[in-house]
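Letter by letter, the chains look like this.
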Amino acid sequence: FTKKNLDIFIYCNNIAMFSNEKVAKSSNQLFFCESCDYTTCKKFNYDKIIESLKSYKYYCDSLGIVFVFLPCPDKESVYFEFVPFSKQSSTLLTLDSILCENNINTINSLAIFNKNKKKSLLYNYDDTHWSAAGVSLIAPEILKKYFAYQ
């Protein structure tokens, strides 16, 4: 992409903790997971991710475009207790801290979802996409980032 009329670039990425598509049914919801044990989680290479995001940010900076990273947590990370897992993975929360330390704009979507997951269902029952309620929590955060640089 080039500058033209672009002021802000939101890079969305699904940070999936589980690589297999075995289905776990619980609470009438559809979840994808390998097993009910965090030992099967993918090993996360923070350095590689940070270097990639730094390169995107550098490119956007060179064009005068604000770069914002939006990690999209998978359903199993947010509703871990229904899979069931004994605890929530700290991968996205750790990643957010590292991004902040590296001056990379980010939206901590997992923290937002954690604060609101008991108020309404943030993912659809029958698939793993965000529901309207989930989208309505993140959309204002994107606008905040946009207007902060206007």
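Refer to the preceding data block for the structure.
Please read all numbers here as calculations on a predicted model, not as lab measurements.

## Here's the deal with the packing of aromatic side chains
Under the criterion given, the structure shown has six aromatic pairs. With a centroid separation of 6.2 Å and an interplanar angle of 50 degrees, the aromatic rings of tyrosine 56 and phenylalanine 67 are classed as tilted. One end of the pair, tyrosine 56, is in helix H1 (residues 46–63); the other, phenylalanine 67, is in strand S4 (residues 66–73), with 11 residues separating them in the sequence. Among the residues examined, phenylalanine 67 registers a relative accessible area of 2% and is labelled buried. An aromatic cluster of at least three residues, connected via ring pairs, comprises Tyr79, Phe82, Phe113, Tyr123 and Trp130.

## Concerning the pattern of salt bridges
Within the structure shown, the criterion is met by four salt bridges. Here glutamate 51 makes a salt bridge to lysine 54, at a shortest N to O gap of 3.8 Å. Of the two residues, glutamate 51 and lysine 54 both sit in helix H1, three residues apart, roughly one turn of that helix. Given a relative accessible area of 33%, lysine 54 falls into the partly exposed group. The shortest N-O distance in the salt bridge between glutamate 81 and lysine 117 comes to 3.3 Å. Linking glutamate 81 in the loop between helix H2 (75–78) and helix H3 (91–101) with lysine 117 in the loop between helix H4 (109–116) and helix H5 (132–148), this pair joins segments that are 36 residues apart in sequence. In this structure glutamate 81 comes out as partly exposed when scored by relative accessible area, which is 32%. By relative accessible area, lysine 117 is classed as buried at 13%.

## Let's talk about unusual backbone geometry
Phi is positive for asparagine 103, close to 55 degrees, though the residue is something other than glycine. Mapped onto the fold, asparagine 103 is located in the loop between H3 and strand S5 (105–106). Accessibility expressed as a relative area gives 60% for asparagine 103, which makes it exposed.

## Here we look at the packing of H1 against H3
Viewed as axis vectors pointing N to C, H1 and H3 meet at an angle of 45 degrees, and their least axial separation amounts to 11 Å. One finds that H1 runs oblique with respect to H3. Judged by the sense of rotation from one axis to the other, the crossing of H1 with H3 is right-handed. Here H1 contributes Tyr46, Ile49, Ile50 and Leu53 to the contact with H3, which in turn contributes Thr91, Thr94, Leu95, Ile98 and Leu99. Among the residues forming the contact of H1 with H3, the class breakdown is seven nonpolar, two polar and no charged.

## So, the packing of H4 against H5
Running from N to C, H4 and H5 point in directions that differ by 130 degrees, and their axes come no closer than 10 Å. Taken together, the axis directions place H4 and H5 in an arrangement best described as oblique. Relative to H5, the crossing made by H4 is right-handed. In contact with Ser109, Ile112, Phe113 and Asn116 of H4, H5 contributes Gly134, Leu137, Ile138 and Glu141. Of the residues belonging to the contact of H4 with H5, the class tally is four nonpolar, three polar and one charged.

Conventions used here
Residues numbered from 1 in each chain as written. Predicted model: local features only at pLDDT ≥ 70, side-chain atom pairs only at ≥ 80, totals over all residues. Heavy atoms only, no water. Phe/Tyr/Trp six-rings, centres within 6.5 Å; stacked < 30°, edge-to-face > 60°. Helix = DSSP H or I, 4+ residues; strand = E, 2+ residues; numbered from the N terminus. Buried < 20%, exposed > 50% of the residue type's maximum accessible area, 1.4 Å probe, protein only. Salt bridge = Lys/Arg side-chain N within 4 Å of Asp/Glu carboxyl O. Axes fitted to C-alpha atoms, helices over the stretch in contact; angles between N-to-C directions. Parallel < 35°, antiparallel > 145°, perpendicular 65-115°, else oblique. Left-handed = near helix turned anticlockwise from the far one by under 90°. Contact = heavy atoms within 4.5 Å. Nonpolar A, V, L, I, M, F, W, Y, C, P; charged D, E, K, R; others polar.

Interpretation note: all reported values are geometric properties and have no functional meaning in isolation.
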